[in-house]
Amino acid sequence: MNFLEERIVKDGIVKEGNVLKVDSFLNHQMDIALFEQMGAEFLKRFEGREINKILTIEASGIGIACVVARYFHCPVVFAKKSKSINIEGDMYIAEVESFTHKNKNQVIVSKKFLKGDDHLLIIDDFLANGCALQGLISIATSAGATVEGIGIAIEKGFQPGGQIIRNLGYQLESLAIVDHMDASTGKITFRQQE
């Protein structure tokens, strides 16, 4: 078991409806020492890739993306889920459906922050159905940027997102892949990875 799987077993809570609560260390209260381990692991997994920007989506991916960006020595751009008055100019827009919140959002990135010569590493906390990733890939494609890879903290391997994204030809690296969860026992089964 790797460091993230161990932490999920220790502090994660399995809820009905295939919900894995990791809010005590990943996406509400954030364990920065854990994020540092994740950043080092993503650097190892994407070694040799030319990455000059990290792309994520608000809100839960931002903390992880910021720590990962320290390892790649580059800025973070995050897609916003609502337009605010301080976003000026042209924007890239994609529609994204959230598994967790059961709703659809338009996510936006200002065109001044993504260019055709950018080489992106997309980072997010969870991968379930892949809708958020497809939205970010759509934005990157609209900008003419290159997606060098995708790093996910926790992938729900029993949902289709991972397979969909891998079938598109992207290098998708998930630090923990959950193959099965049982809310009645709290047991979590992880996929073996190299």
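All values derive from a computational prediction rather than experimental measurement. (Residues numbered from 1 in each chain as written. Predicted model: local features only at pLDDT ≥ 70, side-chain atom pairs only at ≥ 80, totals over all residues. Heavy atoms only, no water.)

Draft legend 1. Representation of the overall build of the protein in the model. Of regular secondary structure, the protein possesses 5 helices and 10 strands. Compactness check: the protein gives a C-alpha radius of gyration of 16 Å against a globular reference of 16 Å for 194 residues, within 12% of the reference. Dimensions of the protein, computed from C-alpha atoms along their principal axes, come out at roughly 50 × 35 × 30 Å. In the protein, which comprises 194 residues, the share counted as buried stands at 48%. Across the protein, the fraction of contacts at a sequence separation of at least 24, relative to all contacts at a separation of at least 6, is 61%. When the accessible surface of the protein is split by element, carbon and sulfur atoms take 48% of a total near 9700 Å². In the protein, the 21 positive side-chain charges and the 25 negative ones have mean positions that sit 4 Å from each other. (Helix = DSSP H or I, 4+ residues; strand = E, 2+ residues; numbered from the N terminus. Rg over C-alpha atoms; globule rule 2.2 N^0.38 Å. Buried < 20%, exposed > 50% of the residue type's maximum accessible area, 1.4 Å probe, protein only. Contact = heavy atoms within 4.5 Å. Areas by Shrake-Rupley, 256 points an atom, 1.4 Å probe, with all protein chains shown as cover. Lys, Arg positive; Asp, Glu negative; His and termini not counted. Charge placed at Lys NZ, Arg CZ, Asp CG, Glu CD.)

Draft legend 2. Examining the pairing of strand E9 (residues 172-181) more closely. In terms of residue burial, E9 counts as a mostly covered element, since 8 of its 10 residues are buried. Sheet topology note: the strand E8 (residues 146-156)/E9 ladder contains 6 bridges and is parallel. Note on E9: the bridge partner recorded for Ile152 is Ser174. Here E9 pairs with strand E10 (residues 188-190) via 3 bridges, running antiparallel. Residue Met181 lies in a different strand from E10, and its bridge partner there is Ile188. If you look at the hairpin formed by E9 and E10, you'll find 6 residues sitting between the two strands, and Gly186 has a positive phi there, around 80°. (Pairing = 2+ DSSP bridges.)

Draft legend 3. Structural context of the sheet that holds strand E3 (residues 53-57). Reading across from one edge, E4-E3-E7-E8-E9-E10 is the order of the 6 strands in this open sheet, with mixed pairing throughout. The strands lining the two open edges of the sheet, one partner per strand, are strand E4 (76-79) and E10. Strand-to-strand, the axes of this sheet are offset by a mean angle of 25°, without reference to chain direction. Each of strand E7 (119-127), E8 and E9 touches helix H2 (residues 32-45); the most contacted strand, E9, lies at about 115° to it. Sheet contacts for helix H4 (residues 131-143): E3, E4, E7 and E8; angle to E7, the most-contacted strand, approximately 165°. (Axes fitted to C-alpha atoms, helices over the stretch in contact; angles between N-to-C directions.)

Draft legend 4. Representation of H4 in the model. In this model H4 runs 19 Å from its N-terminal to its C-terminal C-alpha over 13 residues, within 8% of the 18 Å that 1.5 Å per residue would give. Residues of H4 that are buried: Ala132, Leu133, Gly135, Leu136, Ile137, Ile139, Ala140 and Ala143. Looking one or two places after H4, you find Gly144, whose phi comes out positive at around 80°. (Expected span 1.5 Å × (residues − 1).)

Draft legend 5. Representation of the pattern of salt bridges in the model. Tallied over the entire structure, the rule returns 12 salt bridges. Note that Arg70 is salt-bridged to Glu36, the shortest N-O span being 2.4 Å. On the criterion of sequence distance, the pair formed by Arg70 in helix H3 (residues 60-72) and Glu36 in helix H2 is long-range, its members being 34 residues apart. By relative accessible area, Arg70 is classed as exposed at 54%. When salt bridges with common partners are traced through the structure, they connect Arg7, Lys10, Asp11 and Asp31 into a single cluster. (Salt bridge = Lys/Arg side-chain N within 4 Å of Asp/Glu carboxyl O.)

Draft legend 6. View of the environment of Phe46. Counting through the fold element by element, Phe46 comes out in the loop between H2 and E3. Using a relative accessible area of 1% as the deciding quantity, one classes Phe46 as buried. Expressed as a C-alpha distance, the spacing of Phe46 and Lys10, which sit 36 residues apart in the sequence, is 28 Å. Once residues within four sequence positions are removed from consideration, Phe46 is found in contact with Ile51, Phe72, Leu121, Gly149, Ile150, Gly151, Gln171 and Glu173.

Draft legend 7. The confidence of the model for the protein, seen in detail. Scored by pLDDT, the protein has a mean of 92; 94% of the residues are at 70 or more. Per-element averaging of pLDDT across the protein places strand E5 (residues 91-98) at the bottom with 84 and E8 at the top with 98. (pLDDT = per-residue confidence, 0-100.)

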